[in-house]
Amino acid sequence: AFAGGNKVWPETAIPLREDEIDGTDDRREEFWDRIYAPEFPEAADDETKVDNKKVQKLMHFKQKIQDQVRKAKAKQGGQQRRAYRLEDVVHQPALPAFHAPNIMAAVKNIFRKRSALRPQQGKLKQTSASPTSCKISVTIQRAHNLPTRRVEPGPGGKMEEAPPLECLVQASYGSERARTPVVTGNSPAWNARIDLELVPPNKNWSPSNLMKITDSLSLNVFDSKIHEKPGTDGSVKKLEKRWLGSITFPFSTIYTATANGRIDGVFELDAPPHVIGYSHQGAADSRGSLQVCVALDPPLAQPSERDAETKGRLPGEAGLDERIHSWIAECSRPAHCHHRTYEALGRSLHRDWVLATRYITPQAAPQGAYTPGEKLEVLMDQLARYVALVPFMEDWNMQEGGQEVDVEGLDVWTTSAELIDIGAGDWEEHATLLCNFFLSLFALQNAKEKKKAYVVWGVGIPEGNTVYCMTMDDPPPGEEPEVFLWNASKGSHFSAKNHRCTLKEVYCIADATNVWGNIQATKEIRSTSFKLGDRKAWKPLFDAKNPSDTFMMDTVQGEIDWKPNQKNDAFVEETTKYIRVAVRNRLEHWRSREGKSMVDNEGANRKLTEILKKMEASAHKELAFSEEDLHTDFAQYLQPGNPTSGFNMTGFYINRAFTDISPILDEIYNADIHHAGPVSGDTGERDTQFAHAVFVKAYPRRVLSLWVGVACLSKKR
C-alpha cells in the first residue's frame, strides 16, 4: 500500500526516479505529499515546499491551543453553564403581536412611498437552527470613486474625453458565481440582488461545523469591454472583464455579523494604488468603494452563549478581580451601554487571565522595518505596514471537532514575541505590536508633540468586534485631541472625524496604566469625545478610590528575538521561483481548459518585475512612484521600435502578506485576467500575450511582502 493509506493513486503514473519528475509537473507535488514526506519526515522539515513551512508552523500552534483548551474544559468540568434560549429548544414561528404601535407601523408601511431606485431591505426571517437550505444574499447598491479609462493623447497632443466605464460586480463563494448586469457610468448604481447557495461541509448546520468554514465571499468590480467577431452565422461576442478592485468577507465574519441583522455599509475596495490602463480622478491616496448589504437567508443559529463569569478569574489577586467585576457592572449600567462589551483582561497563551495594561509597553521595532532619520509620519506608516505584513489568523479558526463551540475559550492574546515566533495573529496581537512600536518611537523622537498610543476595542466593518491601535496628541486644556485610528491588521488609518473610518464604535481604550470604558450615548466615532479625563464620557478602571499601585502591573512582554543575522537571500529566491512557477502553470491551465494557448512575453515579464520593485519601495515610503510614473514606464515600453509596439496592455497587481499560495491563486482567478483578449480565432495566436511577475521583499524575521503582477498584451486592431 502507498504511504497515503487507503487513498487510490490518480490516473497518471509516477516516474521511478524523483529526478525524472519535471519541476513544473503537478505530479511532483502529488509525489511529495503522498509518498516522500510521510516516509521521510526529517527530509520534509528541510526541503518541503516554501508555503508549507509557514503553514506547518501555524498548525503546531493551533494544536497547542486545542490541547490547552481541552485541558481547561476538563479541569473546569461543569462550572460553565450553558444559557439556553427558547429558540434553541423550540423551533416555531413567532406569534404576531397585535399592539397599537405595531398596528400603526403596519399601516404606515402600507402607505409609504416606494421607489425601484431606492429599494428598502426587508425584515430578516427568524433564526433557523436546522434549515434545509440557506443563501448568502448580497445586495449590490453602487460604487464610488472608481478609476476611469486612460486615454492616450491624440495627434497634436490633444486629449480626448475618456469613454465611461461599463461596470459589473461578480460575486463568488466557493464554486458559486453570479454577477450583476453591466451598468454604464463612472459612478455606477446597480441596486441588484445576488443569491449564492451556502452548503456547509457534510450538510451539517451546527454552529461548530459552520465556524470551521474557511471560504470567503469575494466581490470583484470589473470594467468590461465587448469584443465582437463577424461570421457567416452571425457575430460572436465576448465579454472581457478588467479588474478594478475587490472586497472579501470571510464566512466567519458574515456568520457572526448577521447575528445582529446584516453587514451593511460602504466598503473600501482592496485595489492597488495604480491600475494599468486607468487613472484616478480624486486624491492620489483615495480608493474606490462599494456600497453593499450582505445577509444570510435565513439567519443561522449562533454558537451557544455561556454565563458571563467576570469574577474569580484572578484567584491570586482578589482585590483586582473584584474591582474589574464592579467596573464592568458600572460601565454596563446605562441602557445605551447594554450592547457594549467591556473587558479588562485577556487570556494568555498559557490560559492565564492577564490585565490588558500589562501587554502595553514600549518595544523597539527591528532595524530594516523602517528608515532611520525619516519624518515621524513616515516612520509611523512604515511600522504600520510592517505589522500588517505579519499574517492574520483568527483564534476561532483553531476550533476542533465537537458540537459545542467555546469562542471565548479559543480567544488567545499572545505577547509580541510569541506573535513573531508563531508568525501569525489576529486583531489584538497586531494592534498591541503596533501600539508598542509607536510608544517606543514617540519616546525617542516625539518629546515635544507628546503623542500617545492606545489599544482600542470596538466594532468595525466588515469584521464586527475588533481591536485597533489609536494615536492622539496631548492638546491644550479644554480642546479635543486629534485622534487617528489604525487598523493594524491592514495597515490603514483614519482620522476619527473621517466618515469613511472603518471603526464605527468604541467600547474600551487601554494604555500601560489604565483601561477606560466608553459610557457615551453616541455610537458614531465622529461624535465620540476622546477626552479620557471626562468622567461623564469615560469610566476608568483605576481612579483615586481604586489606585493601580496596589495591584501587579508589570508587563508580560518579553524581549523579541529579531534574529539580526538571519540570511534571507536564498529564502527569497526560492519563494519567488516557487510562486512564479505556480502562477504561470495555473494561468496556462485555466486557458487550456478553453482551448487557448498561453504565450509568454519575456520582455514584459522583466518590465513588470521592475515595476513591482518600484511599487514595493513606494509602498514602504522609500521612493516616490506615482500613477504618471507607472504609465510613463509602460508607454515607453510600448512605443514604436520596441517588440511590443502596437499592443494594448491591461492588467493588475496585488500586494499581500505571504503564508499560503492558494489564496493568491484564487485572487488571480477571480480577477479573470486569463479571459482577456479578443474573440478566439479573430487574431493570430501571438496577438494575445501574457506577462506575469513576482517580487518578494523579506523584512526582519522573514515577514514577507509579496507582489504578483499579471498583464495581458493584445494587438491593436
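Just so you know, the residues in each chain are numbered from 1, in the order the chain's sequence is written. The predicted origin of the model limits local features to residues at a pLDDT of at least 70 and limits the giving and counting of side-chain atom pairs to 80 or more, whereas totals for whole chains, interfaces and linings rest on all residues. Side-chain figures throughout are based on the complete set of non-hydrogen atoms in the structure, without hydrogens or water.

Novice: Quick one: what's the story with the overall build of the protein chain, residue by residue and with numbers?
Specialist: Here a strand is any run of E in DSSP of at least two residues, a helix any run of H or I of at least four, and the numbering for each starts at the N terminus. The secondary structure content of the protein chain amounts to 16 helices and 25 strands. Counting across all 717 residues of the protein chain, residues that qualify as buried make up 48%. Contacts were defined at the residue level, with two residues in contact if any of their heavy atoms lie within 4.5 Å. The long-range fraction of contacts in the protein chain, counting pairs at least 24 apart against all pairs at least 6 apart in sequence, stands at 69%. Reported accessibility uses the Shrake-Rupley method at a 1.4 Å probe radius. Residues are deemed covered only where the shown protein chains occlude them. If you sum the accessible surface of the protein chain, you get close to 36100 Å²; carbon and sulfur atoms cover 51% of it. Throughout, exposure labels follow a simple rule: accessible area from a 1.4 Å probe, protein chains only, divided by the maximum for the residue type, with under 20% read as buried, over 50% as exposed, and the rest as partly exposed.

Novice: Would you mind going over the packing of aromatic side chains in detail, with residue names and values included?
Specialist: Two aromatic rings from Phe, Tyr or Trp, using only the six-membered ring of Trp, form a pair when their centres are within 6.5 Å; if the ring planes differ by under 30 degrees the pair is stacked, by over 60 it is edge-to-face, and anything between is tilted. Throughout the structure, instances matching the rule amount to 18 aromatic pairs. Between Tyr386 and Phe437 the ring centres are 6.5 Å apart and the planes differ by 40°, which places this aromatic pair in the tilted class. Here Tyr386 is found in helix α9 (residues 376-388), whereas its partner Phe437 is found in helix α12 (residues 427-445), with 51 residues between them in sequence. Seen from the ring of Trp353, Arg313 lies directly overhead, with NZ or CZ sitting 4.8 Å from the centre. Lying over the aromatic face of Phe571, Arg702 brings its terminal NZ or CZ to 4.4 Å of the ring centre. Placement of a charge over a ring requires the Lys NZ or Arg CZ to be within 6 Å of the ring centre, with the centre-to-atom vector within 35 degrees of the ring normal.

Novice: Outline the sheet that holds strand β19 (residues 492-495), listing residues and values.
Specialist: We call two strands paired when DSSP finds no fewer than two bridges between them. The strand order β19-β18-β17-β16-β20-β21-β22 describes an open sheet built from seven strands, whose pairing is antiparallel. Both outer strands of the open sheet, β19 and β22 (538-540), are each paired with one neighbouring strand and no more. Adjacent strand axes in the sheet meet at a mean angle of 35°, parallel and antiparallel pairs treated alike. Axis definition: a line fitted to C-alpha atoms, over the contacting stretch in the case of helices. Angles run 0 to 180 degrees between N-to-C directions. With respect to the sheet, helix α8 (residues 318-332) is in contact with β20 (503-510), β21 (515-518) and β22, its orientation differing from that of β22 by roughly 170°.

Novice: Give me the lowdown on a nonpolar patch on the surface, citing residues and values where you can.
Specialist: Residues Ile103, Val107, Ile110 and Phe111 make up a contiguous nonpolar surface patch of roughly 430 Å² in combined accessible area. Inspection of the secondary structure assignment puts Ile110 in helix α5 (residues 100-110). What makes Ile110 exposed here is its relative accessible area of 55%. Residues enter patches when their relative accessible area tops 30% and they take part in no salt bridge; the joining distance is 9 Å for like charges and 5 Å for the nonpolar side chains Val, Leu, Ile, Met, Phe, Trp and Tyr. For salt bridges, the criterion is a side-chain nitrogen of Lys or Arg within 4 Å of an Asp or Glu carboxyl oxygen.

Novice: Run through the packing of helix α13 (residues 569-592) against helix α16 (residues 661-670), naming residues and quoting values.
Specialist: At a closest axis distance of 11 Å, the pairing of α13 and α16 adopts a crossing angle of 40°. Here α13 lies oblique to α16, going by the angle between them. Crossing of α13 over α16 shows right-handed handedness. Contacts between α13 and α16 involve Tyr578, Ile579, Ala582, Val583, Arg586, Leu587 and Trp590 from the first element and Ile661, Leu665, Ile668 and Tyr669 from the second. In this count, Pro and Cys sit with the nonpolar residues alongside Ala, Val, Leu, Ile, Met, Phe, Trp and Tyr, while Asp, Glu, Lys and Arg are called charged and the others, Gly among them, polar. Split into classes, the residues belonging to the contact of α13 with α16 amount to ten nonpolar, no polar and one charged. Under this scheme an angle from 65 to 115 degrees is roughly perpendicular, one under 35 degrees roughly parallel, and one over 145 degrees roughly antiparallel; angles in between are oblique. The hand of a helix crossing depends on one turn: near helix anticlockwise from the far one by less than a right angle means left-handed, and clockwise means right-handed.

Novice: Outline the nonpolar core, supporting the account with residue identities and numerical values.
Specialist: If you look at soluble globular proteins, the nonpolar side chains tend to sit buried side by side. Only buried residues count toward a nonpolar core, which is a set of Ala, Val, Leu, Ile, Met, Phe, Trp, Tyr and Cys residues joined through side-chain atoms within 4.5 Å. Of all hydrophobic cores here, the largest spans 59 residues; its most connected members are Ile324, Trp327, Leu434 and Phe438. Mapped by element, the contributors of at least two residues to this core are α8, β15 (353-355), α9, α11 (416-422), α12, β16 (452-460), β17 (464-472) and β20. At ten residues, the largest contribution of residues to this core is made by α12. Filtering out sequence-adjacent residues up to four positions away, Leu434 remains in contact with Leu383, Ala384, Val387, Cys469, Trp486 and Ala488. Formed by 41 residues, the second largest nonpolar core is a distinct cluster that contains Val169, Val221, Ile247 and Leu296.

Novice: Could you give an account of the state of the cysteines, naming the residues involved and the relevant values?
Specialist: In what follows, a disulfide is any cysteine sulfur pair within 2.5 Å. Tallying each qualifying case throughout the model produces zero disulfides. The closest cysteine sulfur to the non-disulfide-bonded Cys331 is located on Cys508, 6.7 Å from its own sulfur.

Novice: How would you summarise the pairing of strand β24 (residues 688-699) if you had to cite specific residues and measurements?
Specialist: Burial analysis of β24 places eleven of its twelve residues in the buried class, the great majority of the element. Across twelve bridges, β24 lies against strand β25 (residues 703-715) in antiparallel orientation. Pairing of Val696 across the sheet is with Leu706, part of β25. Taken together, β24 and the strand that follows it, β25, pair antiparallel across an intervening segment of three residues, in which Arg701 is found at a positive phi of about 65°.

Novice: If you had to explain the confidence of the model for the protein chain to someone new, which residues and values would you point to?
Specialist: Values of pLDDT, the confidence the predictor places in each residue, fall between 0 and 100. Taken over all residues, the pLDDT of the protein chain has a mean of 80, while the share at 70 or more is 74%. When pLDDT is averaged over each element of the protein chain, β21 comes out on top at 97 and helix α2 (residues 41-47) at the bottom at 41. Contacts of residues 1-7 to residues separated by more than four positions or lying in other chains number eight contacts, the stretch itself having pLDDT below 50. The low-confidence segment residues 76-82, where pLDDT is below 50, has nine contacts with residues more than four positions distant or belonging to other chains.

Novice: Explain α12 residue by residue, including any values.
Specialist: Expected helix span is computed as 1.5 Å times (number of residues minus one). With 19 residues, α12 ought to run about 27 Å at 1.5 Å a step, and its terminal C-alpha atoms sit 27 Å apart, in line with that. Burial within α12 is extensive, with 16 of its 19 residues counted as buried.

Novice: Got a sec to walk through the pattern of salt bridges? Specific residues and values, please.
Specialist: Side chains carrying opposite charge are able to pair once their charged atoms draw close together. Using the criterion set out here, one finds 21 salt bridges in the structure. Arg242 serves as the salt-bridge partner of Glu240, at 3.4 Å between the closest nitrogen and oxygen. Here Glu240 and Arg242 have matching classes, each one buried. Across the pair Arg656 and Asp270 runs a salt bridge whose closest N-O atoms are separated by 2.8 Å.

Novice: Now, about the pairing of β19: what can you tell me, with residues and values included?
Specialist: In terms of strand pairing, strand β18 (residues 483-487) meets β19 through four bridges, oriented antiparallel. Bridge assignment links Asn487 to a residue of β19, and that residue is Ser492. Linkage of β18 to β19, two consecutive antiparallel strands, is achieved through a turn of four residues, within which Gly491 is found at a positive phi near 80°.

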